[in-house]
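# Coordinates in review
Residues per chain are reported as follows:
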Amino acid sequence: MQRVWWLIGWRNLGRNRRRSIIAAAALAFGYFSVVILVGWTKGLVAEMIGNGTGVLTGQLQVHADNYQPDKSVYATIGGRDGADIAALSAVMTSDPDVSAASPRVYGGGLVSSGSATAAGLFLGVDPDREVDVSLILNVIVEGRAPSLGANEILLGSEMARTVRVVPGDEVVIVAPAIDGSLGNDLFIVSGIFKTGLVDLDRTMAVFPIDALQFLMAMDANRVHEVAATVPDPWRAAAAADRLTDALAAGEVAVDVESWITLRPEMVEYATLTESFQWILLVIVFGVAIFGVANVMLMATFERRREFAVMLALGTRPSGILASVVAESLGLAVLGLVGGIVVTFPIMVWFHLAPPDMGWLFGDFTMQGALMRPVLRVEYPWTMTWQAALALLITAVAAALYPAIRAGRVPPADTLSGR
Amino acid sequence: MTASWRALPRLALRNVRRQARRSLLTGAAMALGVALLAFSRALGDGAHEDWIEAGVRMGSGHIAIQSPGYHASKNLDDRLSFEALAYANRALERSDVAERVVAVATRLEVQALAQGPTAAIPVMVTGVDPDVEREFSRLGRQVEDGRYLERGDRLHAYVGARLAERLELRVGSRLVLTAQGADGDIAGQFVRVAGIFRSGLPEADAGIVQIPLWTAREWLGVGESATTLAVLLESGWIVSEMVNTVRETIGTRDDLRALSWQEAMPELEAGIKVDDWGDYVFHVVLFGIIALAIVNTVLMSVLYRTREFGVLRALGLTQVQTASVVVTEGVILTAVSGLLGLAVGVAFTWIFFRNGLDFSAFMESDFTFSGVVLDTVIIPVFRWRMVAMSLGTIAVIGVFASLYPAYRATQIDIAEAMKFEA
Amino acid sequence: MRPTAFVTAALLCVPAFLHAQTAAEIVDRVDQLLRGQSSEASVRMEVVTEHWSRSIDMHLWSLGTDYSLIRIDAPPKDAGTATLKAQTELWNYLPRVDRTIKLPASLMGASWMGSHFTNDDLVKESRIIDDYDIEITFDGERDGNEVWEFTLTPKPETAVVWGKIVEQVRKRDMMPEWVRYYDDLGEVSRSMVFSEFQVMGCRMVPARMVVTPADKPTESTTIIYRTITFDIGLEPSFFSLRNLRSQRD
């Protein structure tokens, strides 16, 4: 296409600035809406995955190969002899996508205070490490996390209510140990957590890992699980594959699982929202096409005399077509620039300081994950260029019909007045 | 002057016609937008109603009448006495309430242990009146094997499929339920599995056992009492009104408390609001773009006719009348295309999706949202609210998109306009 | 009243008649063998599981079907731990923390002290003959012994998990040889084998019984009676929370 057609197209945008600005604004608004809406959806999915995996699961877990599906308390990593957990954790955190790893011990038993007794699921953690892996130590509503080396326990809010204790109170813990004895001891309630997921808040009790191992007569090198954080959840599957290879060389047989296999329903939901993003893109720009086509139709109608002159002077219809498409593309570029200028700062703002919708709705759950009423935008980088492309395609598509009409202006009739 | 007022619509209509292609394009955008609105609202309302309905039916109805402490404690100690139950039932029989009530389910719920020969699993046992519950709770229709409970049943149980798998139960299997009764003693109850259900909600399928109400009462030694009176109304739209009426009636009693489903299941309400909010944002975006297109069309038609408006003003049309011509033009354009879009949207939805839009191709497993399994087939619902919303949107866009062009038209300088050559 | 004491070779004991009994009477007698009106026993329990094995020495007191008290003497780690059953309630005393805990209903299905008995097995208070219909399904010679085989079918409304129980009793001295517990589908769920029949506390009793869960044939719980005395005149007041805590012996 010759430069001159670009110049003519561009100049024509200036012929009716107001109209061009409104049309460009519509495109900019379309771009802004698609990018921000998709950003919100991504934020929602990210929150669902983040909370769904972050409350307890972690994005990656290493177990003994015989741990799933029965989750037997005897199926510790490395079996009866245990394993070098520190070395295992080190291998895990050495993966570039893994930021933290936390060994865990699971058990079950009774939490009792006075005449009230509840059955619970026991989780033993190293508080300093666990805090980087799951949310459970970050949702303490009263008191503090239990400390290593102390007979302290962190209870879920519903369980604390059932057994009627507050931080500082003493509870009796009874847990069948792995040597067949009945482990029992007094623990001080160090704090109370509340995840908002009623099941967890009702059944979960968190111990310092050493205290729970002692209670259950387990050696310090026996754990059930090492859970790890992968800050970008979508890289967890690849990290799991790498770790499977890295750990296959070791002497203990382990399974590495990412949240993608642990929580398949979340992956499905994420895939579903992605297909909705495309629908959104098509609808928004599909509607915008009419607006742009209208403007181009007007613009070519105004210039029909000009086209007639050009054709009469020997310009080929393709040249006119090019100038009209160029005009439309100019409109698109204007809209795109405007859209980007408006969208990106707002995107960053909604990412860093998301609007709180707490006044409108409270917490809710999705696929078993607790969601806060916050509209955080997750940067939709792919969509930023996809929407830009869609915008340009929209402009070209919208210009085609007016452009073809313009190229077919009958010179004689038009110049003679009608 | 009255004559010229009457001429305004004709003037406006003529202009719409004169620029037929332009009007057609803008109108098409509008029509498409309204059609999309009608389509997505019909499906959205359908999904929400199904969702709320599933939620309240699985849960404690549109209105739950319980003892004040029960919602928090879920403890048998906080149950409704026979007398309180009778009082609450009388409150529901008030004519203004009774005519809106579809079903009232008396339920006795207790945490219990379900024991088979090889395993024992904690469950929630609900004593139900089979005749009422069959209509009330959707579980009754989700029979996988066997049958739902019936009126004459006594030692029968209706259990979730996952529970059945874990306890190796099939229809006819023995099952022992153990719980702490009203007197604090641990009591066992023998039942046989009459039916197995699969709802898709993991918590329900692994943890719910329904038995006849009378069996539960006898087992737990609670006489004629119950834990919840669940009320299903004819529509979700009248819940707050009915809750208030019920509260007025029971207001003086401190052993009764009426909860709306929003209070009993706040996360369900939040989930629906989130979804609604997403819809609204989408519609705002859609109509924002359409509005801009309409502004442009009407504005252009004003600017093209600078001379014409100049003449009209010179002939004595006031500024208000000039503006009215423009607004009328915008409103006619949006109204015609909008109504067309509404008709197309409704017709399209009705013709292609009246039996439901099937999402199941996208989802292998069930999709749960705030404790409810969403049906993967969405049946659209046509509500007057949707029609009113569409009409409102059409009117608002028609008027607002014309305001700026109308303002421009009034600002035309008569003398300058006469020189204008379109 | 309970059936009178059983015929034994011990001279001090009161003889009883072995004939003219119905199936129900025989099964009931076997059921009550190790109980008596009241009893005190010294018992060793050996538990073998896939993951560990251990033996526990304990003392056991019982009064009818309503009350029992079990106190662990060894190993030292568990010594002093006690379980009290009073009617339908089950309490555990934990000496290490000096607390008693009432077991919630949700733990009735859990294992008692790691054995293949559940808490619920301990709490069951009714007699077998109250819960089951009993018929003789075999009467003749097996492995050189004249035996009866009884099949116990739960009465229609009884809260028991078993589909049926089959029990073999030898005619010679009315000693039980084995009991098999079946699920609904007619598969064996767990079995109990009796042996070392000897006279203790004026009764012929099986001093050893082995419980094996059918789904884990390598696991077992063995109970060995070292001493047992019957009808020692215990009162319900003996089975109190105070007594549960007190460190007697």
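Residues numbered from 1 in each chain as written. Chains lettered and ligands numbered in written order. Predicted model: local features only at pLDDT ≥ 70, side-chain atom pairs only at ≥ 80, totals over all residues.

### A closer look at the overall build of chain C
- From N to C terminus, chain C includes four helices and 13 strands.
- Put simply, chain C has 249 residues, and 37% of those count as buried.
- Of the contacts formed within chain C by residues at least 6 apart in sequence, a portion of 45% connects residues at least 24 apart. (Helix = DSSP H or I, 4+ residues; strand = E, 2+ residues; numbered from the N terminus. Buried ≥ 20, exposed ≤ 12 C-beta atoms within 10 Å, placed from the backbone. Contact = placed C-beta atoms within 7 Å.)

### What to know about the overall build of chain A
- Looking only at helices and strands, chain A has 14 helices and 12 strands in total.
- For 418 residues, the compact-globule estimate of 2.2 N^0.38 gives 22 Å, and chain A exceeds it by more than 25% at 32 Å.
- Summarising its shape, the C-alpha atoms of chain A cover approximately 105 × 50 × 25 Å along the three principal directions.
- For chain A, the proportion of its 418 residues judged to be buried stands at 53%.
- For chain A, the share of sequence-separated contacts (at least 6 apart) that also reach a separation of at least 24 residues comes to 80%. (Rg over C-alpha atoms; globule rule 2.2 N^0.38 Å.)

### Here's the deal with the packing of helix 1 (residues 3-15) of chain A against helix 12 (residues 317-352) of chain A
Residues and elements named next belong to chain A.
- Across the interface, helix 1 lies against helix 12 with an axial gap of 7 Å and an inter-helix angle of 50°. The pairing of helix 1 with helix 12 is recorded here as oblique in orientation. At the point where helix 1 passes helix 12, the crossing takes the right-handed sense. Contacts from Trp5, Trp6, Ile8, Gly9, Trp10, Asn12 and Leu13 in helix 1 reach Gly319, Ala322, Ser323, Ala326, Glu327, Gly330 and Leu331 in helix 12. (Axes fitted to C-alpha atoms, helices over the stretch in contact; angles between N-to-C directions. Parallel < 35°, antiparallel > 145°, perpendicular 65-115°, else oblique. Left-handed = near helix turned anticlockwise from the far one by under 90°.)

### Thoughts on the pairing of strand 9 (residues 225-229) of chain A
Residue and element names in this part refer to chain A.
- Counting buried residues in strand 9 gives five out of five residues, a clear majority hidden from the surface.
- Burial along strand 9 is two-sided: the face carrying Glu225, Ala227 and Thr229 and the face carrying Val226 and Ala228 are both buried.
- Relative to strand 9, strand 1 (residues 60-64) runs antiparallel, the two being bridged by four bridges. Counterpart to Leu60 in the pairing with strand 9 is Ala228.
- The pairing of strand 2 (residues 100-113) with strand 9 spans five bridges and is antiparallel. Across the sheet, residue Ala100 finds its bridge partner in strand 9, namely Thr229. (Pairing = 2+ DSSP bridges.)

### Points about the interface of chain A and chain B
- The interface of chain A with chain B comprises 37 residues on the first partner and 38 residues on the second.
- Breaking the side of chain A that touches chain B down by element, the ones donating at least two residues are helix 2 (17-54), helix 10 (264-302) and strand 11 (364-366) of chain A.
- At 17 residues, helix 10 of chain A tops the list of elements feeding residues into the side of chain A that touches chain B.

### Remarks on the environment of Glu50 of chain C
Residues and elements named next belong to chain C.
- Along the chain, Glu50 falls in the loop between strand 1 (38-48) and strand 2 (53-63).
- Note on Glu50: 10 C-beta atoms within 10 Å, which makes it exposed.
- Between the alpha carbons of Glu50 and Ile128 there is a distance of 31 Å; along the sequence they are 78 residues apart.
- The residues touching Glu50, leaving out its near neighbours within four places in the chain, are Lys216, Thr218 and Glu219.

### Quick word on the interface of chain A and chain C
- Taken together, the contact pairs 18 residues of chain A with 20 residues of chain C.
- Of all the elements in the fold, those that place two or more residues in the side of chain A that touches chain C are strand 2, strand 3 (116-125), strand 6 (170-176) and strand 7 (182-193) of chain A.
- Looking at which element gives the most residues to the side of chain A that touches chain C, the answer is strand 7 of chain A, with four residues.
- Partitioned by chemical class, the residues of the side of chain A that touches chain C number 10 nonpolar, six polar and two charged. (Nonpolar A, V, L, I, M, F, W, Y, C, P; charged D, E, K, R; others polar.)

### A word on the environment of Arg190 of chain C
- Looking at where Arg190 of chain C falls in the secondary structure, it is placed in strand 11 (residues 188-200).
- In this structure the C-alpha to C-alpha distance between Arg190 of chain C and Leu244 of chain C, which are 54 residues apart in sequence, comes to 31 Å.

### Some thoughts on helix 2 of chain A
- Between its first and last C-alpha atoms helix 2 of chain A spans 52 Å; for 38 residues at 1.5 Å apiece the expected length is 56 Å, and the two agree.
- Most of helix 2 of chain A sits out of view: 33 of its 38 residues are buried. (Expected span 1.5 Å × (residues − 1).)

### As for the packing of helix 2 (residues 20-58) of chain B against helix 12 (residues 266-304) of chain B
All names here are of chain B.
- Where helix 2 contacts helix 12, the axes come no closer than 10 Å and their chain directions differ by 175°. One finds that helix 2 runs roughly antiparallel with respect to helix 12.
- Counted by class, the contact of helix 2 with helix 12 contains 13 nonpolar, eight polar and two charged residues.

### Re the nonpolar core
- Val284 and Val292 of chain A together with Ile289 and Ile290 of chain B are the most contacted members of the largest nonpolar core, which has 325 residues in total.
- Per-element tally for this core: the top contributor is helix 2 of chain A, with 20 residues.
- Among residues more than four places away in sequence, those in contact with Val292 of chain A are Ala23, Leu27, Ser328, Leu331, Thr394, Ala395 and Ala398 of chain A. (Core = buried A, V, L, I, M, F, W, Y, C linked by C-beta atoms within 7 Å.)

### Brief notes about the confidence of the model for chain C
- On average, residues of chain C score 82 in pLDDT, and 90% of them are at 70 or above.
- Here the predicted complex scores 0.75 on pTM and 0.76 on ipTM. (pLDDT = per-residue confidence, 0-100.)

### Details of helix 11 (residues 304-312) of chain A
Residues and elements named next belong to chain A.
- Taken residue by residue, helix 11 has Phe307, Met310 and Leu311 as its buried positions. Seen along its axis, helix 11 keeps its buried residues to an arc of 95°; they face one direction.
- For helix 11, the elements touching its buried residues are helix 12, helix 13 (381-407) and helix 14 (411-415). (Arc of directions from axis to C-beta.)

### Points about unusual backbone geometry
All names here are of chain C.
- Cis geometry marks the peptide bond from Ala74 to Pro75, where omega comes out at 0°.
- If you trace the backbone, Pro75 turns up in the loop between strand 3 (67-74) and strand 4 (82-86).
- Non-glycine residue Glu196 carries a positive phi angle of around 55°.
- Among the structural elements, Glu196 can be located in strand 11.

### Quick look at the confidence of the model for chain A
- When pLDDT is averaged along chain A, the result is 85, and 98% of the positions lie at 70 or above.
- Within chain A, no element has a lower average pLDDT than strand 11 of chain A, which sits at 70, and none a higher one than strand 5 (residues 152-156) of chain A, at 94.

### Digging into the pairing of strand 6 (residues 99-102) of chain C
All names here are of chain C.
- Pairing of strand 5 (residues 89-94) with strand 6 involves four bridges; the strand directions are antiparallel. The partner of Tyr93 across the bridge, within strand 6, is Thr100.
- Connecting the antiparallel pair strand 5 and strand 6 is a turn made up of four residues, with Asp98 showing a positive phi of about 55°.

### Remarks on the environment of Thr228 of chain B
Residues and elements named next belong to chain B.
- Mapped onto the secondary structure, Thr228 falls in strand 9 (residues 228-233).
- Separated by 120 residues in sequence, Thr228 and Leu108 have C-alpha atoms that sit 6.5 Å apart.
- Setting aside anything within four residues of it in sequence, one finds Thr228 in contact with Ser60, Ala64, Gln66, Arg107 and Glu109.

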